[in-house]
Amino acid sequence: SILYDGDDDFNSSYGGVIVSVSPDEYLNYVYINNCMFADNAALYGGAIACNSTCLEIKGSQFYNSRAVCGGGSIYAINSDLTVSASYFSNNSASHGGSIYCVNSDLGIYYSDIDYSTSYSFGGAVAIRSSDLYINSVNFRRCISLNGAGGAVYTEKSNANITSCEFKQGQAF
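Residues numbered from 1 in each chain as written. Predicted model: local features only at pLDDT ≥ 70, side-chain atom pairs only at ≥ 80, totals over all residues. Heavy atoms only, no water.

Asks: Tell me about the overall build of the chain, and please be specific about residues and values.
Replies: Helices and strands together make up the secondary structure of the chain, namely zero helices and 25 strands. Rg of the C-alpha trace for the chain: 14 Å, near the compact-globule value of 16 Å for 172 residues, within the 12% margin. Expressed along its principal axes, the backbone C-alpha trace of the chain runs to roughly 35 × 35 × 25 Å. The buried share of the chain, reckoned over its 172 residues, is 48%. For the chain, the share of sequence-separated contacts (at least 6 apart) that also reach a separation of at least 24 residues comes to 81%. As displayed, the chain has an accessible area near 7400 Å², and 47% of this comes from carbon and sulfur atoms. Treating the 7 positive side-chain charges of the chain as one cloud and the 15 negative ones as another, the clouds have centres 10 Å apart. (Helix = DSSP H or I, 4+ residues; strand = E, 2+ residues; numbered from the N terminus. Rg over C-alpha atoms; globule rule 2.2 N^0.38 Å. Buried < 20%, exposed > 50% of the residue type's maximum accessible area, 1.4 Å probe, protein only. Contact = heavy atoms within 4.5 Å. Areas by Shrake-Rupley, 256 points an atom, 1.4 Å probe, with all protein chains shown as cover. Lys, Arg positive; Asp, Glu negative; His and termini not counted. Charge placed at Lys NZ, Arg CZ, Asp CG, Glu CD.)

Asks: For the pattern of salt bridges, give the residues involved together with the corresponding values.
Replies: By the definition in use, this model includes five salt bridges. Across the pair R140 and D112 runs a salt bridge whose closest N-O atoms are separated by 3.1 Å. Of the two residues, R140 sits in strand β20 (residues 138–140) while D112 sits in strand β16 (residues 112–114), which places them 28 residues apart along the sequence. A relative accessible area of 22% means that D112 is categorised as partly exposed. E155 is paired through a salt bridge with R128; the nearest N and O atoms lie 3.4 Å apart. Linking E155 in strand β22 (residues 152–155) with R128 in strand β18 (residues 125–128), this pair joins segments that are 27 residues apart in sequence. (Salt bridge = Lys/Arg side-chain N within 4 Å of Asp/Glu carboxyl O.)

Asks: Give a description of unusual backbone geometry that names residues and reports values.
Replies: Its identity is not glycine, yet A85 carries a phi of approximately 45°, on the positive side. Within the element layout of this structure, A85 appears in the loop between β11 (80–84) and β12 (87–89). Located in the positive-phi region is Y110, a residue other than glycine, with phi close to 45°. Secondary-structure assignment places Y110 in the loop between β15 (105–109) and β16.

Asks: Tell me about the confidence of the model for the chain, and please be specific about residues and values.
Replies: Scored by pLDDT, the chain has a mean of 91; 92% of the residues are at 70 or more. Per-residue pLDDT stays below 50 along residues 1–11; that stretch engages in 24 contacts with residues further than four places along the chain or on separate chains. (pLDDT = per-residue confidence, 0-100.)

Asks: Let's hear about the pairing of strand β14 (residues 99–102): which residues, and what values?
Replies: Residues I99 and C101 line one face of β14 and the alternating positions Y100 and V102 line the opposite face, and both faces are buried. Bridging between strand β10 (residues 74–77) and β14 involves four bridges; their strand directions are parallel. Across the sheet, residue I74 finds its bridge partner in β14, namely I99. Two strands pair when backbone bridges link them, and β14 and β18 are joined in this way by four bridges, in the parallel orientation. (Pairing = 2+ DSSP bridges.)

Asks: Requested: an account of the sheet that holds strand β7 (residues 53–58), with residues and values cited.
Replies: Reading across the sheet, the six strands line up as β3-β7-β11-β15-β19-β23 and stay open at both edges, with parallel pairing between neighbours. For this open sheet the edge positions go to β3 (28–33) and β23 (158–162), each flanked by a neighbour on one side alone. The mean inter-strand angle of the sheet, taken between neighbouring strand axes irrespective of direction, is 5°. Here six bridges tie β3 to β7, and the two strands are oriented parallel to one another. The partner of N28 across the bridge, within β7, is T53. (Axes fitted to C-alpha atoms, helices over the stretch in contact; angles between N-to-C directions.)

Asks: I'd like a description of the nonpolar core, backed by residues and values.
Replies: If you look at the biggest cluster of nonpolar residues, it comprises 29 residues, and the most contacted ones within it are I74, L81, I99, V125 and F139. If sequence neighbours within four positions are ignored, F139 has contacts with I113, A124, V125, I134, A151, V152, C164, E165, F166 and K167. By size, the runner-up hydrophobic cluster in this structure holds eight residues, among which are A49, Y75, Y100 and Y153. (Core = buried A, V, L, I, M, F, W, Y, C linked by side-chain atoms within 4.5 Å.)

See the structure below:
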């Protein structure tokens, strides 16, 4: 188990803790298991940012992460992202309060997302030109302050959402 407690400063453009970029046609593979990310910040992906990466996250926690632009905790572009048995709490961003994906495949399974806020769209999760699979996820107190998708926002995307619980979501 790893704990990373950031300096709570916007000193990183991408990924306050982890950045994974593959400059060619091969995908990087990153596996994160039983880790905690707390009080991290960046312009994109408060804790993690990836481009052309296969990112798998299991049994991990993301607390108080924020991004000025997209993905309070995680930002992914041109990537395959799978999150399972994980917990997100009190994360925020302009879009995708906890997770923001573009041109990616995103799967979230058996996880909880609490107190996630976006200032534009997608209180908890926002995707563009992506495929989204969500199963057995609890969304609580997720808020979009711009009135677009208190919990989930999709644009030019496919979404399959099953066996989930949505409580106290809001869009203003």
